[in-house]
Amino acid sequence: MAIRTATVAAALALCAACTATVRFDSKHFAPLPIASDKVLAGKTLIQMTGEDEAFVFTGRPTTFIGSAGTLVLPLGQITREAALYVFG
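Predicted model, so just to flag it, every value in this text is computed and none were measured. (Residues numbered from 1 in each chain as written. Predicted model: local features only at pLDDT ≥ 70, side-chain atom pairs only at ≥ 80, totals over all residues. Heavy atoms only, no water.)

The next point concerns the side chain of threonine 70. Within the secondary structure, threonine 70 is located in strand β3 (residues 70-73). You can call threonine 70 buried: its relative accessible area is 19%. Ignoring any residue separated from it by four or fewer positions in sequence, one finds threonine 70 in contact with Cys18, Thr19, Ala20, Thr58, Gly59 and Arg60. (Helix = DSSP H or I, 4+ residues; strand = E, 2+ residues; numbered from the N terminus. Buried < 20%, exposed > 50% of the residue type's maximum accessible area, 1.4 Å probe, protein only. Contact = heavy atoms within 4.5 Å.)

Here it is, written out as structure tokens:
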């Protein structure tokens, strides 16, 4: 029992400095072809403030095992890139 406890403690200590960073990936968007008669002519303006684009969420997951690491989500950058992918 003591070995198991020591092993779990060592694993958690090693993961204490773990950080997961998420990036935009266009593969997460389903390809939705638009019929040519439904396409609108014109341009789209995507407007974000510098503060909005630079927004990064940093926090710890709420699960016991996940709480050993830190999650970094550059939400502003992901939002901008997703909007450019969808509307661009």
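This brings us to a nonpolar patch on the surface. Residues Phe55, Phe57 and Leu75 make up a contiguous nonpolar surface patch of roughly 260 Å² in combined accessible area. Its location among the elements puts leucine 75 in helix α3 (residues 75-87). (Patch = residues over 30% accessible without salt bridge, like charges linked within 9 Å, V, L, I, M, F, W, Y side chains within 5 Å. Areas by Shrake-Rupley, 256 points an atom, 1.4 Å probe, with all protein chains shown as cover. Salt bridge = Lys/Arg side-chain N within 4 Å of Asp/Glu carboxyl O.)

On to the pairing of β3. Sheet analysis places strand β1 (residues 19-21) next to β3, joined by three bridges and oriented parallel. Among the inter-strand pairings, threonine 21 is bridged to a residue of β3, identified as valine 72. Here three bridges tie strand β2 (residues 57-59) to β3, and the two strands are oriented antiparallel to one another. Across the sheet, residue threonine 58 finds its bridge partner in β3, namely valine 72. (Pairing = 2+ DSSP bridges.)

Turning our attention to the confidence of the model for the protein. Residues at a pLDDT of 70 or more form 80% of the protein, whose mean pLDDT is 79. Within the protein, the element-level pLDDT minimum falls on helix α1 (residues 2-15), averaging 57, and the maximum on helix α2 (residues 50-53), averaging 94. (pLDDT = per-residue confidence, 0-100.)

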